[in-house]
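Secondary and tertiary structure notes
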Amino acid sequence: MSLRWKVALSLAALSATATFAIGIASYRTTSDRLYAEIDRSLAELNNSLRFDRIGSASRVPDRGPLAGYEMQVLRANGDVLASSLAEPFDASPAEIALANQSGYAVFRNVETEAGTLRVRTIGARGGVVQIGRSLTETDRVLSSLLSRMWRLMTLVSAIALGLGWLIAGRVTASLRRLTGAAEMVEATGRLDIAVPAKGSDEVGRLAHAMQGMLAALQRSRDDQRRLVEDAGHELRTPLTSIRTNLNVLRRYGDLSAADRGVLVDDLTVETEELVELVNEIVAIASGAADDDPREPFDLGVLAREVAERYERRTGRSVIVHSDRSPVQAQRAALQRAISNLLDNARKFDTGDGPLEVNVAAGSVEVSDRGPGIPESDLPLVFDRFHRSDDARAMPGSGLGLSIVHDVAERHGGTAWARNRDGGGAVVGFSVTT
């Protein structure tokens, strides 16, 4: 069942329930009022006739005073002494018990040949007197009221159902449009579907949220496509070189040991570069979804640990200058970012001097004495797979600094690069502390 039908039927059910409750209350009130009037008229008639004592001469008065009423006079043992009915009705034990108790009365409804009577029984000396009034008119009024109540409830429910259908249609129109857009996305796989986003109510906010979600998914898909395209382009270079060297080894089996060694060395370098490229592509692809917990630590201590491991691995001296910079961050991500900065500096600084790491106020900078960065390339150094013309012959994938940039952004910071006074470059990043 659609939401529109649920809203319409709920409104109809609510209206029917309210109408039924009001009708029942009106019916009960009217019924009590009518019976009260009948009881009052019976009491007035009984008082006007004044049967204080029941005897053998007691009889039913003429029809003049009893017009519209019926009357019975009973002895104390319950025998009917006189009755205006052709077939007298039997008195109940409670009514007979009123004999010799003047002033006490009870009411009840009795089925007789003349129809249903409302009977008032009052005690007198020697017996009881019963006066009844037909309930035909009262029952007709109550039956008419009940019939009208059912018709009114049906009419109100139908009107409520129609109004509910119209109101629910307007309320759910936006939801139906959103559903259509979602089904279109599912059917076509397109993320550029126009989502109707009007109003500032809950449905409007949902539409805006869905629009933003589709836009984010489109950006993510575009990023993935660019990553795949760029990765495919970059992977072709080492794979082509490896394939070429393998073909040479296969075709020229009589190569000298020196030539064979050169080819093997080239294969080793290309394989290592290929492995590094694949690792960095995996890091880029999974970095945005990195859910490692953030923990507090001293950024300067972390930089020294990375520098010490780097010295042992490469033999290149690293000097670390740091203050007390406590941060709340992903330790492994910052380790990789610092390591990538050191790799970048070492690639361009081929001298024997130490690389310098400066840690201050939640930021890390690595300085080198290489050739520096061309001014035209400064805005591009953090783009994926970007490599300057001077760096194309050097090993590397062009992904290292983009990883640094992603880590900085994920931690609410920035990444930067500038040329160093006296030659060389300074590349660094910051995280929010």
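Values in this document were obtained by computation on a predicted structure and should not be read as measured data.

Reading guide: rules and limits
- Residues numbered from 1 in each chain as written.
- Predicted model: local features only at pLDDT ≥ 70, side-chain atom pairs only at ≥ 80, totals over all residues.
- Heavy atoms only, no water.
- Helix = DSSP H or I, 4+ residues; strand = E, 2+ residues; numbered from the N terminus.
- Buried < 20%, exposed > 50% of the residue type's maximum accessible area, 1.4 Å probe, protein only.
- Phe/Tyr/Trp six-rings, centres within 6.5 Å; stacked < 30°, edge-to-face > 60°.
- Lys NZ or Arg CZ within 6 Å of the ring centre and 35° of its normal.
- Axes fitted to C-alpha atoms, helices over the stretch in contact; angles between N-to-C directions.
- Parallel < 35°, antiparallel > 145°, perpendicular 65-115°, else oblique.
- Left-handed = near helix turned anticlockwise from the far one by under 90°.
- Contact = heavy atoms within 4.5 Å.
- Nonpolar A, V, L, I, M, F, W, Y, C, P; charged D, E, K, R; others polar.
- Core = buried A, V, L, I, M, F, W, Y, C linked by side-chain atoms within 4.5 Å.
- Pairing = 2+ DSSP bridges.

**Describing the environment of S325**
Mapped onto the fold, S325 is located in the loop between β7 (318–322) and β8 (326–329). Taking relative accessible area as the criterion, S325 reaches 2% and is therefore assigned buried. Taking the C-alpha atoms as reference, S325 lies 8.3 Å from F297; in sequence the two are 28 residues apart.

**Focus: the packing of aromatic side chains**
Within this structure, the stated rule accounts for 1 aromatic pair. Centre to centre, the rings of F20 and W150 are 5.7 Å apart; their planes meet at 40°, and the pair counts as tilted. Taken together, the positions of F20 in helix α1 (residues 3–49) and W150 in helix α3 (residues 136–188) put the pair 130 residues apart, joining distant regions of the chain. Of the residues examined, F20 reaches a relative accessible area of 35% and is grouped as partly exposed. Assessed through its relative accessible area of 40%, W150 is described here as partly exposed. Across from the ring centre of F297, 4.6 Å away, lies the NZ or CZ of R331, which sits over that ring.

**Brief notes about the packing of helix α6 (residues 299–314) against helix α7 (residues 331–348)**
Pairs of packed helices are described in terms of their axes, by the angle between the two and the distance that separates them. The N-to-C vectors of α6 and α7 enclose an angle of 50°; their axes lie 10 Å apart at closest approach. Considering the angle they form, α6 stands oblique to α7. The crossing of α6 and α7 is right-handed. Across from L299, L302, A303, E305, V306, A307, R309, Y310, R313 and T314 in α6, the residues of α7 making contact are R331, L334, Q335, I338, S339, L342, D343 and R346. A class-by-class count of the residues in the contact of α6 with α7 yields 9 nonpolar, 3 polar and 6 charged.

**Concerning the nonpolar core**
If you look at the biggest cluster of nonpolar residues, it comprises 38 residues, and the most contacted ones within it are L334, L342, V357 and F429. In terms of residues, this core owes the most to one element, α7, which gives 7 residues. If sequence neighbours within four positions are ignored, V357 has contacts with A303, V318, I319, V320, H321, L342, V364, E365 and V366. Ranked by size, the runner-up nonpolar core spans 18 residues in total, among them M71, A124, V129 and L135.

**A short note on the sheet that holds strand β10 (residues 363–367)**
Ordered in space as β7-β9-β10-β12-β11, the 5 strands form an open sheet in which the pairing is mixed. Both edges of this open sheet fall to β7 and β11 (415–419), since each of them pairs with a single strand only. The sheet shows a mean angle of 15° between the axes of neighbouring strands, direction not considered. Relative to the sheet, α6 contacts β7, β9 (355–360) and β10, its axis offset from that of β7 by approximately 175°. Against the sheet, α7 makes contact with β7, β9, β10 and β12 (425–430), and its axis sits at roughly 175° relative to β12, the strand it touches most.

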